[in-house]
Amino acid sequence: MKNTKYVFVTGGVTSSLGKGIIAASLAKLLQERGYSVTIQKLDPYINIDPGTLNPYEHGECYVTDDGAETDLDLGHYERFLNIPTSQANNVTTGRIYQSVIDKERKGAFLGKTVQVIPHITNEIKERIQILGKTGDYDVVITEIGGTVGDIESLPYVESVRQLLWELGDKNAIVVHLTLIPFLAAAGELKTKPTQHSVKMLMQSGVNPDILVCRSEHEISDSIKRKLALFCNVKKEDVISSLDADTIYDVPNLMFDEGLDKVVLDKLDLCDNDQPKLVEWNHFLSKHKNPKNKVKIGLIGKYVELHDAYKSISEAFIHAGAANEVKVKIVWIHSEDLTLENVPQKLKNLDGILVAPGFGNRGTEGKVDAVRFAREHQIPFLGICLGMQMAVIEYARNVLNIEGAGSLEMDETCKNPVINLMEDQKDITEMGGTMRLGAWDCQITEDSKVFNAYKRTLISERHRHRYEFNNQYLKNLEGSGMKITGTNPKTGLVEIVELENHPWFVAVQYHPEYKSTVLNPHPLFVDFIKASLDFSTQK
Ligand code: GLN
C-alpha cells in the first residue's frame, strides 16, 4: 500500500497551453525515476462524457480498455506512460452532478439541503482520491481542465483548496501552467497575465507551488525573479516551457528545467535515480532522423480539425520512428472525393487510411477512396467505419451485390452488408451505449495481421454500433476478401483482408488507441512498412 501524493495541474491565461503534455511529461520523468504514477483529467463540462460530443468540439473521443469514452488527453497519458487508463482517470462535471443527484434521490443526504459546497466538492474530492486509494500509485497527477477563473472551474479549484489542507504539507502540491506572451512591438515578454492568473487562483485560496510558463522565447533569470516575487514562489520554482518541435521533446525539456526535481522536493520524495529516458530517447532519435519518407492519405470527414484524429496521427509518429521513416499525413476531406477526382487526389500517396466516423456525410467519398486503393494496389488500412466502407466497396464493385450498403447510412438499404448489431436494436439512449472497450479477436495464421501481431489472440478497443452482416458470409467465400479476425465468442467479423493486394487490412476496432511511444502498434508499423515498400517500388 503506497502513501500516495497528489499533484494538481491548473491552467491560467488561456486554454490550449498543453496542460496534458506537461502533466504527461512530469509523470514520465517520475516514472523513469522508479515511481508509479497515473494521471487523471477533470473536465468541467456538463456532458457525462465526451462520447456524445461532435469531434469538432474537443477533438477525438479516446476509449479505454474498460470502455470509457474519455478526453483525448488520456491518449497522451497512455502514449507517454505506456500504462492503461480507465474510467476513473476522467471525470466530468456531468458525472459528478449525476452521481450527487442519484444519491439525493436515494435519500443518502438524510434530509440535508444539497449544495455545491459540501456535496459537489465532496464528490469531486472522492473522485480525485479514487486512484490514490487503490494503493497502487506513489503519485497521482490530476489535471483540472479549463482555465482558472472560469465559472465552471470554481468547484474544482475549491476542492483542490480543501484537499491541500486535508492532505497537508508535502503530500499535495499545485503546478500552475501559464503563458508569458511576447509583445513584438515592445520586443518584450510580458508577465502581467501570469500575475493576474495567479492572483485569481489565490483569491480562491490556492497558492501555486510551481509555475510552468509557456513561452515562444527564452525566459531570462530576471523575468523568473520577477514572476517569483509577484506570484509568491521561489525562483527555482519558475519553470520555463518553450515551444518544442514535438510533444515528445517535452519530458527532456522539463528535466533540463528541473521540474521533476522541484516536484520531488516539495513532496518529500527522494530524487536518487536520475531519469535516463533511454528507450524514449532512442525513439526520439529515430523520429528525428528518418531515412525515408512516406505520404499517407488520411480520408476523414473531420480533417479540418486534426485533433479529431489525434490517436491516429500519433500512432503514425510511433510507427514512422519504428521504420525510421517520416510519415507525412495528407489530410483529405472525404466529402471532396468523387469517383472522377479520386485518381487526381490520391495518385501520389504511398498508403491510404480511411478513418472512423459516424453518419452519412462523406461516406461515398470513403468508398471511392477504398476502391482506388484496392484497384491500384496501394497499401490500405481501414479503421472502424473505414472497415465497413471497405466491405461495402467490395460487395458493390467486386461481388456485384446490388445496393450493398450500411443500415446506418440508409435504413431501407436493399443489401445491408453492414447491419446494426443485434444487442443495439433496443437501445434508445445515445451516451455510453455503443459496443465499447477491449474485446478479444482471434486471428487466422495465414494472414497479414498475423504477420504483424505474431499472435493469434489479440485484444483491441472498440467503439461502434454496426457490424459486418454475417448473412453475407457466404458471398465472401471463395472471393478475394478474407475474414482473418473474428470475436471468439460471437463470431463478429473484426478483420478483413484482400488476397491479391500487397497490404489491404480493414479492422472493426481502433488500433490507434493502443499505440504508445514504447509500444508502437504492430498494424501501424506494418502498414508504414508496406507503404515504404510501395513508395520504393513505384
Ligand atoms: N459508425 C460506425 C458504427 O457505429 C463506425 C463507428 C466508428 O468508426 N467508430 O458502427
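Presented here is an overview of the structure given in this document. The structure presented is a predicted model; accordingly, all values stated were derived computationally and were not measured. (Residues numbered from 1 in each chain as written. Predicted model: local features only at pLDDT ≥ 70, side-chain atom pairs only at ≥ 80, totals over all residues. Heavy atoms only, no water.)

1. Points about the site of the ligand
Here is step 1 of the chain: For the ligand, the full set of nearby residues is P356, G357, F358, C384, L385, Q388, E408, R463, H464, R465, Y466 and H510.
Here is step 2 of the chain: R463 places a main-chain nitrogen or oxygen 2.9 Å from a nitrogen atom of the ligand.
Here is step 3 of the chain: At a separation of 3.2 Å, a nitrogen atom of the ligand approaches a polar side-chain atom of H510.
Here is step 4 of the chain: Burial of the ligand by the protein chains amounts to 99% of its free accessible area of 300 Å².
Here is step 5 of the chain: The set of elements that each furnish at least two residues to the shell around the ligand consists of α15 (385–397) and β19 (457–464).
Here is step 6 of the chain: Partitioning the shell around the ligand into residue classes produces five nonpolar, four polar and three charged. (Near = heavy atom within 4 Å. Polar contact = N/O pair within 3.5 Å; in protein donor to acceptor, adjacent residues only side chain to side chain. Areas by Shrake-Rupley, 256 points an atom, 1.4 Å probe, with all protein chains shown as cover. Helix = DSSP H or I, 4+ residues; strand = E, 2+ residues; numbered from the N terminus. Nonpolar A, V, L, I, M, F, W, Y, C, P; charged D, E, K, R; others polar.)

2. Here's the deal with a nonpolar patch on the surface
Here is step 1 of the chain: Residues Y97, I101, V116 and I117 make up a contiguous nonpolar surface patch of about 340 Å² in total accessible area.
Here is step 2 of the chain: Of all the secondary structure elements, the ones that give two or more residues to the nonpolar patch are α4 (93–105) and α5 (116–133).
Here is step 3 of the chain: Examined against the element boundaries, V116 turns out to sit in helix α5. (Patch = residues over 30% accessible without salt bridge, like charges linked within 9 Å, V, L, I, M, F, W, Y side chains within 5 Å. Salt bridge = Lys/Arg side-chain N within 4 Å of Asp/Glu carboxyl O.)

3. A look at helix α1 (residues 19–32)
Here is step 1 of the chain: Between its terminal C-alpha atoms α1 stretches 20 Å, which fits the 20 Å expected from 14 residues at 1.5 Å a residue.
Here is step 2 of the chain: For α1, the buried fraction is high: twelve of the 14 residues fall into the buried class.
Here is step 3 of the chain: Backbone geometry just after α1 places G34 at a positive phi near 100 degrees. (Expected span 1.5 Å × (residues − 1). Buried < 20%, exposed > 50% of the residue type's maximum accessible area, 1.4 Å probe, protein only.)

4. Details of the nonpolar core
Here is step 1 of the chain: Counting residues in each nonpolar core, the largest one holds 44 residues, and the members touching the most others are V7, I39, I141, I210, V212, L259 and V263.
Here is step 2 of the chain: Here the element with the most residues in this core is α1; it accounts for eight residues.
Here is step 3 of the chain: With residues up to four places along the chain from it excluded, the contact list for V7 reads L26, V139, V140, I141, T142, I173, V175, V263 and L267.
Here is step 4 of the chain: Judged by nonpolar contacts, the second largest core, of 40 residues, contains L346, A373, L385 and A404. (Core = buried A, V, L, I, M, F, W, Y, C linked by side-chain atoms within 4.5 Å. Contact = heavy atoms within 4.5 Å.)

5. Here's the deal with the sheet that holds strand β16 (residues 404–406)
Here is step 1 of the chain: Read from one edge of the open sheet, three strands run β16-β17-β20, paired in mixed fashion. For this open sheet the edge positions go to β16 and β20 (466–468), each flanked by a neighbour on one side alone. Going from strand to strand, the sheet's axes swing by 35 degrees on average, the running direction of each strand aside.
Here is step 2 of the chain: One ladder, built from three bridges, connects β16 with strand β17 (residues 415–420); its direction is parallel. When the sheet's bridge partners are listed, S406 is paired in β17 with I418.
Here is step 3 of the chain: Here α15 sits on the sheet and contacts β16, β17 and β20; the angle it forms with β17, its principal contact strand, is near 165 degrees. (Pairing = 2+ DSSP bridges. Axes fitted to C-alpha atoms, helices over the stretch in contact; angles between N-to-C directions.)

Taken by themselves, the reported measurements are silent on function.
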